[in-house]
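In case you want the letters, here they are:
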Amino acid sequence: MVGTWRSSRVAVLYGGVSDEREVSIKTGEAFHFALLSLGYKKVEMVDATGEGLLKLASNPPDVALLALHGGLGENGSVQGMLECLKVPYTGSGVHGCATAMNKDTAKSLFRMAGLPTPDWQVLDRARVEQILSQPDIDAQVPCVVKPVTSGSSVGVTLVREADQYYGALEAAMRCPGPVMIEALIEGRELTVGLMDGQVMGIIEIAPDRNFYDYKAKYQDPKTNYLMPAPIPDRLQQEIGRLVQEANRVLGCRGVVRADLMLDAEDRPWLLEVNTTPGMTETSLVPKLARGSGIEFEQFTEMMLDNARLDADLQYG
Ligand SMILES: Nc1ncnc2c1ncn2[C@@H]1O[C@H](COP(=O)(O)OP(=O)(O)O)[C@@H](O)[C@H]1O
Ligand SMILES: [Mg+2]
């Protein structure tokens, strides 16, 4: 039913404590405006810090709209808390969030399912410290160095020259968790939105910079977005199926956005699946929704109507 939660207490969980707090605040504010303009009367904005979550737990809302990017808000932790409180929430469940957020786990599942993802290895933090203390070890370049569990391109470096390798390891070590070294795919970048397993569309991203880094994502007006991505129909269908399969093997639900590279031979390579993609008025997934005639307010309500508990899906 459309507008199931219109007269309920809706909590928008935003902000939080991850590296992506600033973006999350923007997503939360966009949801807030959307709900108010739809006539929702009982909207509560919850900054998902320890204090904010404690307050929420002491007086739980009827439903939670999640605007949390990165860290505890996207890795299943906040979702687990909401499961315990029996508050239905938007997006993927505990398991889907946890597997998607860890790029090593996600890529292992892609590989097991026969889905193309660039070769990679993971170095634990002690091993990186050791490499940094003996910088004569041969670097495998070109490669991409990235944190296993971060987002928004924070700590990601495309390494094309051997002398960039150690700086790249240091940058990734500023984020929590292990470090991934991934084969670099030279080519075009694509991002694909899915809603409840259905392909919303494909966008090509053409940054004006070295790659789609934090600045290109949020600050550079010269980043070019081509929608729909100018690729042949057959390739679009192949990519759509690939992303649907990736979503399925990770066990995600609701709205997700998958990032891919297309190499010089037009072969797609999966990089990751985001379970809480950016949702500001100018973000990519809302652009895809608008492209199919769904305005941001309506899109927000569709997500809210889809709020679920793992518990209901598994045992209900
Ligand atoms: N293997 C790769 N080959 C080429 N570019 C890459 C690769 N991995 C990441 N990138 C670039 O870095 C960006 C961020 O990497 P991604 O794996 O999507 O992590 P994040 O979770 O930070 O978005 C991508 O959007 C892309 O521009
Ligand atoms: Mg990404």
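Note that the structure is a prediction, hence the values are computed from the model and not measured. (Residues numbered from 1 in each chain as written. Chains lettered and ligands numbered in written order. Predicted model: local features only at pLDDT ≥ 70, side-chain atom pairs only at ≥ 80, totals over all residues. Heavy atoms only, no water.)

A.B. asks: Just checking my understanding: could you explain the sheet that holds strand β4 (residues 120-123) for this structure?
C.D. replies: Strand pairs in the sheet, formed through backbone hydrogen bonds, run parallel or antiparallel to each other. The sheet built from four strands is open, its strands ordered β4-β7-β5-β6 with antiparallel pairing. The outermost strands of the open sheet, each flanked by one partner alone, are β4 and β6 (157-159). Here the average twist between neighbouring strands, direction ignored, is 25°. Where strand β5 (residues 143-147) lies against β6, three bridges are found, and the strand directions are antiparallel. Bridge pairing in β6 links cysteine 143 to valine 159. Lying over the sheet, helix α8 (residues 165-173) contacts β4, β5, β6 and β7 (179-183), oriented at roughly 20° with respect to β5. (Pairing = 2+ DSSP bridges. Helix = DSSP H or I, 4+ residues; strand = E, 2+ residues; numbered from the N terminus. Axes fitted to C-alpha atoms, helices over the stretch in contact; angles between N-to-C directions. Contact = heavy atoms within 4.5 Å.)

A.B. asks: Teacher, can you tell me more about the pattern of salt bridges here?
C.D. replies: Pairs may arise between side chains of opposite charge once their charged atoms sit close together. The tally for this structure, following the rule as stated, stands at 17 salt bridges. The partner of glutamate 182 in a salt bridge is lysine 107, with the nearest N and O atoms 2.5 Å apart. Of the two residues, glutamate 182 is situated in strand β7 and lysine 107 in helix α6 (residues 103-112); the sequence distance between them amounts to 75 residues. With respect to burial, glutamate 182 and lysine 107 carry one shared label: buried. Through salt bridges that share partners, Lys107, Lys146 and Glu182 make up one connected network. (Salt bridge = Lys/Arg side-chain N within 4 Å of Asp/Glu carboxyl O. Buried < 20%, exposed > 50% of the residue type's maximum accessible area, 1.4 Å probe, protein only.)

A.B. asks: Explain the nonpolar core here, please?
C.D. replies: Soluble globular proteins tend to pack their nonpolar side chains together in the buried interior. Counting residues in hydrophobic clusters, the biggest one holds 32 residues, and the most contacted among them are Phe31, Leu35, Tyr40, Met279, Phe299 and Leu304. Within the residue set of this core, elements represented by two or more residues are β1 (10-14), α1 (21-37), β3 (63-66), β9 (198-206), α11 (284-291) and α12 (296-305). Of the residues that make up this core, three or more belong to each of domain 1 (10-91 + 297-315) and domain 2 (100-116 + 186-275). The residues touching leucine 304, leaving out its near neighbours within four places in the chain, are Trp5, Val10, Leu35, Tyr40, Val63, Leu65 and Thr90. (Core = buried A, V, L, I, M, F, W, Y, C linked by side-chain atoms within 4.5 Å. Domains from an automatic or database assignment.)

A.B. asks: Could you clarify how one ought to interpret unusual backbone geometry in this entry?
C.D. replies: What is expected of a backbone is that most residues other than glycine have negative phi and most peptide bonds are trans. Backbone torsion omega between valine 141 and proline 142 reads 0°, so that peptide bond is classified as cis. The topology assignment puts proline 142 in the loop between α7 (125-133) and β5. The amide bond that connects methionine 227 to the next residue, proline 228, takes the cis arrangement and shows omega of -5°. We note that aspartate 196 has phi near 45°; this positive angle belongs to a residue other than glycine. At aspartate 266, a position not held by glycine, the phi torsion is positive, near 65°.

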